[in-house]
Amino acid sequence: MSATVTDLQQTIAIPAPTTPWRRTRGEQLGTAIIFLISAVAAACIVLVTGLAGVDGFGLTLFVIFVVVTFVRTIRMNAKVRKDEFIKIAIFAAAVLAFLPWMSIFASVVMKGARGFKPNFFVGDMRTTIPDDELNLGGAGHAIIGSMMMVINATIITLPLGILSGVYLTEVRGRLTFLVRFVVQSMSGVPSIVAGLFIYTTFVDFTNSFSGMAGSLALAVLMLPTVARTAEEVLKLVPDDLRSASYALGARQWRTSLMVVLPTVRSGLTTAAILGVARVIGETAPLLLTSLSSNSYVFNPLGGPIGSLPTYVFGLLQIGTENAINRAWTGALVLMLLVLALFTTTRFIGGKDRR
Amino acid sequence: MEMLKQGEIKMTQDSQTNVMVMEDDEVQRSAFRGLEAKNLHAWFGTHHVLSDVSLRFPERTVTGLIGPSGCGKSTFIRLLNRMHEFIPGAAMAGQVLQNGEDIYAPEVDAAAVRLKIGMVFQKPNPFPAMNIRENVLSGIKLAHLKVTDHDSIVENCLTRAGLWKEVKDRLNTTGGSLSGGQQQRLCIARSLAVEPSVLLMDEPCSALDPGSTLRIEETIKELAEKIAVVIVTHNMQQAARVSDFCAFFLTDGGPGYLVEAAPTKILFTNPSDSRTADYVQGKFG
Ligand SMILES: Nc1ncnc2c1ncn2[C@@H]1O[C@H](COP(=O)(O)OP(=O)(O)OP(=O)(O)O)[C@@H](O)[C@H]1O
Ligand SMILES: [Mg+2]
């Protein structure tokens, strides 16, 4: 028996794996060429008629592409045609939604590139005045300050946020309603109020502005985001898993800790990311808590400390050409910092296995 | 009714063998060894779904629970290891005694009860954040048991669940990467690892192929050399193959109730209730 099976396996020519549901190379190339031709045509029209710049080009391109598709699909059946047009509409909508983000990013990159030099990452503003050449001074102190405050805020908030998520979904104790209400109203607190709160408590108590005060203010702002995201994520864990754990004789806290939380590790990473994203650009609360500084401060309780938002804010107020250039570079670095942070957390957090 | 008699015979035997251990406890001495449901009722909210079920599950036996869909079999076995109480609005009446002790007594620790009375669910539910090996050992970790030889437990439990050969080379992949039937066998292995003294199985084989089903049935028989096994099944042949006793549940639109419990042979060949005869012969349900 086994011999015939192997014989069969040897004689059958194994076909190459195919994906007939995908569009072929030729079709893709065709679309690309049509798009290219449309783009060239649109560019010509814009040049000849003098329609307004990029917007005009986009609009013309869209119109031409629609017309070309209309012609191209004229002999196809109605359903396929409809499909093609809906595809264009969805693509255009996506581009439209993406456009503002693109234009912000592009302008920050273009304007920030001027001061984007190595010294920007290591230098500080102790002996440099904002008007000096861009190869003098830098924002190293602000980068370190921002990172330190955001990381400390995350260290404070993440356990609290996850715990309240666990309380709301797993424990469901008597205070569920109250906790949910507090978390929800906290998410409506204006950031300046969070700053004022820490100012009147922590800053007053320690009698000094500090990185720690900044972290606390950011933590107040982060907590509702993290807690609510954690709650939503934990709600997605199927009850089957909890049952299975209880049926094995596990107690509630062990079930939460060893079964439920590990199942949503990447979701909790998302909660942390959203929290960081919420606060990393906050300026107002920091003006009341960490203030700002021109030099490196590493001690979270060692007086006022620099941060990228306050760095940008301060330079914009000075308003001279190089100060503004520095501010743009600060904004660019802030964006890159967020990007880098998100990439690494995604990497560490891994993917859910659900 | 035959079944109750059998249980009673067992009881006297057991109480003789256990006299030495339990000498000073009058109640314990006369206690029935195994699991016993006394006049159990169950509600979901105001919906009365199970009425007055009394049934004994002696040690070293397999009891099959059969009956049409919705007659309360799952509810009944979930009452036996205190899983019923996790459903919001659930309520119960009556007693469940393990070796004479009420598992619903106020001083009893529900988690300890569930550790002793294990459960396999109808739908496979391996832990997605753990790999195969960790899944098998999860009960030990979750209940904080002291065990030294993890590797042999993993191999032993997976073998008994009929899964060892298929997964021995990929113990570190996640449980979710297995097929549905393999996942179910993994769940069975998982519940074997904590060595329960009663194992409740709610249609454990409904997702399995005939080969694995047979392997599981062998495991059930093996287990019954030491412990009590309760298995809910819609498969009459399976009930006939594995169980020593069989209990037939029914509902007439109202709460489910126990029609008849008897040694399996009698229930299948010469039941005392005509409805049982109709059901086991496939005339309704
Ligand atoms: N979580 C629940 N909430 C409310 N009612 C429920 C719940 N679970 C079951 N019931 C009801 O209890 C009754 C018994 O259900 P149960 O699941 O015990 O039946 P079963 O005999 O196991 O059926 P099956 O053979 O289909 O699994 C049914 O009428 C069902 O509608
Ligand atoms: Mg059921």
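Residues numbered from 1 in each chain as written. Chains lettered and ligands numbered in written order. Predicted model: local features only at pLDDT ≥ 70, side-chain atom pairs only at ≥ 80, totals over all residues.

S.K.: Can you lay out the overall build of chain A for me, pointing to particular residues and giving the numbers?
M.R.: In terms of helices and strands, chain A carries 15 helices and zero strands. Taken over the C-alpha atoms alone, chain A extends approximately 80 × 75 × 45 Å along its principal axes. Sorting the 354 residues of chain A into buried and exposed places 34% on the buried side. Nonlocal contacts in chain A, meaning residues at least 24 apart in sequence, comprise 70% of its contacts between residues at least 6 apart. (Helix = DSSP H or I, 4+ residues; strand = E, 2+ residues; numbered from the N terminus. Buried ≥ 20, exposed ≤ 12 C-beta atoms within 10 Å, placed from the backbone. Contact = placed C-beta atoms within 7 Å.)

S.K.: With reference to specific residues and values, describe the site of ligand 1.
M.R.: All names here are of chain B. Close to ligand 1 lie Phe44, His47, Val49, Ser69, Gly70, Cys71, Gly72, Lys73, Ser74, Thr75 and Ile87, which account for all nearby residues. Put simply, the parts of the chain that give the shell around ligand 1 at least two residues each are β2 (47-58) and α3 (73-80). If one sorts the elements of the shell around ligand 1 by residue count, α3 sits on top with three residues. Along the lines of polarity and charge, the residues of the shell around ligand 1 split into four nonpolar, six polar and one charged. (Near = placed C-beta within 6 Å. Nonpolar A, V, L, I, M, F, W, Y, C, P; charged D, E, K, R; others polar.)

S.K.: Go over the interface of chain B and chain A, please, and point to the residues and values.
M.R.: The parts lose accessible area when they come together, and the size of an interface is often stated as this lost area. Residue-level contacts link 24 residues of chain B with 18 residues of chain A. Mapped by element, the contributors of at least two residues to the side of chain B that touches chain A are α4 (110-116), β6 (117-120) and α5 (132-142) of chain B.

S.K.: So what's going on with helix α6 (residues 140-171) of chain A? Which residues, and what values?
M.R.: Residues and elements named next belong to chain A. With 32 residues, α6 ought to run about 46 Å at 1.5 Å a step, and its terminal C-alpha atoms sit 45 Å apart, in line with that. Where α6 bends most, at Thr157, the angle is about 30°, and the proline Pro159 comes one to four residues later. Of the residues flanking the end of α6, it is Arg172, one or two places downstream, whose phi is positive at about 45°. (Expected span 1.5 Å × (residues − 1). Bend = angle between axes of the 7 residues up to and from the residue.)

S.K.: Please provide a residue-by-residue account of unusual backbone geometry, values included.
M.R.: Non-glycine residue Asn207 of chain A carries a positive phi angle of around 65°. Secondary-structure assignment places Asn207 of chain A in the loop between α8 (191-206) and α9 (211-235). You can call Asn207 of chain A exposed: it has 7 C-beta atoms within 10 Å. Notably, Asp52 of chain B is not glycine yet its phi reads approximately 50°, a positive angle. Topologically, Asp52 of chain B is positioned in strand β2.

S.K.: Could you give an account of the domain arrangement of chain A, naming the residues involved and the relevant values?
M.R.: Here the domain parsing of chain A yields domain 1 (25-109) and domain 2 (140-349). When each unit is reduced to the centre of its C-alpha atoms, the spacing between domain 1 of chain A and domain 2 of chain A is 41 Å. (Domains from an automatic or database assignment.)

S.K.: Can you tell me about the sheet that holds strand β5 (residues 101-102) of chain B, naming the residues and giving the values?
M.R.: Residues and elements named next belong to chain B. Pairing within the open sheet is antiparallel, and its four strands lie in the order β2-β1-β4-β5. The outermost strands of the open sheet, each flanked by one partner alone, are β2 and β5. In terms of strand pairing, strand β4 (residues 90-98) meets β5 through two bridges, oriented antiparallel. Paired with Leu97 across the two strands is Asp102, which belongs to β5. Against the sheet, α3 touches β1 (34-44), β2 and β4, its axis set at about 125° to β1. (Pairing = 2+ DSSP bridges. Axes fitted to C-alpha atoms, helices over the stretch in contact; angles between N-to-C directions.)

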